[in-house]
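# Architecture at a glance
These are the residues of each chain, in order.
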Amino acid sequence: MSIPLNLTKYDILDLFPRLTNLGASSFGEDADTFGDTLFEAIEDAPRGHRLLFKQQTVNELRTVMACSDEDIERISWAVLGIDPTAEVEEPPNWGRFPSLRAFWSAVLHTFENDPEVQAGREIDPNA
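Sequence order sets the numbering: in each chain, residues are counted from 1 along the sequence as written. Residue-level local features of this predicted model are given only where pLDDT is at least 70; pairs of side-chain atoms are given and counted only at 80 or more, and the full residue set underlies all totals for whole chains, interfaces and linings. Each side-chain value is worked out from all heavy atoms of the structure, with water and hydrogens disregarded.

## Section: the pattern of salt bridges
Our working rule: For this document, the term salt bridge refers to a Lys or Arg side-chain nitrogen within 4 Å of an Asp or Glu carboxyl oxygen. Numbered from the N terminus, helices here are DSSP runs of H or I no shorter than four residues, and strands are runs of E no shorter than two. Remark: exposure states derive from per-residue accessible area (1.4 Å probe, protein chains only) relative to the maximum for the residue type, with buried under 20%, exposed over 50%, and partly exposed in between.
Applying the stated rule across the entire model yields eight salt bridges. In this structure, E112 engages R62 in a salt bridge whose closest nitrogen and oxygen atoms are separated by 3.0 Å. Of this pair, E112 sits in helix 6 (residues 100-112) while R62 sits in helix 4 (residues 51-65), and the two are 50 residues apart along the sequence. Looking at R62, the relative accessible area reads 47%, which means it is partly exposed. Residue E87 pairs with R96 through a salt bridge whose shortest N-O separation is 3.7 Å. Among the residues examined, R96 registers a relative accessible area of 38% and is labelled partly exposed. One salt-bridge network, held together by shared partners, links K54, D114 and E116.

Here it is in structure tokens:
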């Protein structure tokens, strides 16, 4: 898949509403408040979201993974509030990924392996 070059940042945000939501919350500028490390932020990303959101996120992530590295970079800079490939000094031990494709692959893996997504139904946490 290829993202047309004439798309603006706002067009990309509209194409990927679930990733935009994650970029503003779990992977936003204050992502360190969601976890001690980038990897923990990824693991925590599905929490607090309903099954439909998680399933839609998996679909969006699969679309991203089908894109070229250049398109993944364009999408990432539009939807993310952080650079998961940057070497950051604070918070300590935040972590980083070697590429944006590796980052999104880890996010996809987390959402695909969420218990509700695996079961195909919402799970009552009190059950």
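Still more ground to cover, so stick around.
## Concerning the nonpolar core
Rules: The nonpolar core is taken to be a set of buried Ala, Val, Leu, Ile, Met, Phe, Trp, Tyr and Cys residues, with the residues joined through side-chain atoms within 4.5 Å. Any two residues whose heavy atoms approach within 4.5 Å at even a single point are treated as in contact.
Ranked by size, the top nonpolar core spans 31 residues in total, and within it F27, V79, F103 and W104 carry the most contacts. Going through the elements one at a time, helix 1 (9-15), helix 2 (17-24), helix 3 (38-44), helix 4, helix 5 (69-79) and helix 6 are the ones with two or more residues in this core. With six residues, the top contributor of residues to this core is helix 6. Look past the residues within four positions of V79 in its chain and what remains in contact with it is I12, L13, F16, L19, T20, G23, A24 and W104.

## Considerations on the packing of aromatic side chains
Applied cut-off: We call Phe, Tyr and Trp rings a pair once their centres come within 6.5 Å, taking the six-membered ring for Trp, and we label the pair stacked below 30 degrees between planes, edge-to-face above 60, and tilted otherwise.
If you walk through the whole model with that rule in mind, you get four aromatic pairs. With centroids separated by 4.9 Å and ring planes inclined at 70 degrees, the aromatic side chains of F103 and W104 adopt a geometry described as edge-to-face. The two residues F103 and W104 agree in class, both being buried. Through successive ring pairs, a cluster of aromatic residues spans F27, F39, F97, F103 and W104.

## Section: the environment of T110
Relative to the helices and strands, T110 is located in helix 6. Judged by its relative accessible area of 17%, T110 falls in the buried class. Along the chain, T110 and H49 lie 61 residues apart, while their C-alpha atoms are 13 Å from each other. Ignoring any residue separated from it by four or fewer positions in sequence, one finds T110 in contact with I42, E43 and P46.

## As for helix 6
Let me state the cut-off plainly: Take the residue count of a helix, subtract one, and multiply by 1.5 Å to get its expected span.
The terminal C-alpha atoms of helix 6 lie 18 Å apart, and with 13 residues this matches the ideal 18 Å at 1.5 Å per residue to within 8%. Looking at the buried positions of helix 6, the neighbouring elements they touch are helix 2, helix 3, helix 4, helix 5 and helix 7 (115-119).

## Some remarks on the packing of helix 2 against helix 4
Spelled out, the test is: For every element, the axis is a line fit to its C-alpha atoms; helices are fit only across the contacting stretch, and the angle between N-to-C directions ranges from 0 to 180 degrees. An angle counts as roughly parallel when it lies under 35 degrees, as roughly antiparallel when it exceeds 145, as roughly perpendicular when it falls between 65 and 115, and as oblique in every other case. In this classification, Asp, Glu, Lys and Arg are treated as charged, Ala, Val, Leu, Ile, Met, Phe, Trp, Tyr, Cys and Pro as nonpolar, and every other residue, Gly included, as polar.
Viewed as axis vectors pointing N to C, helix 2 and helix 4 meet at an angle of 100 degrees, and their least axial separation amounts to 8 Å. For the element pair helix 2 / helix 4, the angle class is roughly perpendicular. In contact with P17, R18, L19, N21 and L22 of helix 2, helix 4 contributes F53, Q56, T57, E60, L61 and V64. Across the contact of helix 2 with helix 4, the residue classes tally to six nonpolar, three polar and two charged.

## Brief notes about the environment of F111
Here F111 is to be found in helix 6. With 110 residues separating them in the primary sequence, F111 and M1 have C-alpha atoms 21 Å apart. The residues touching F111, leaving out its near neighbours within four places in the chain, are L22, A45, P46, K54, T57, V58, L61 and V117.

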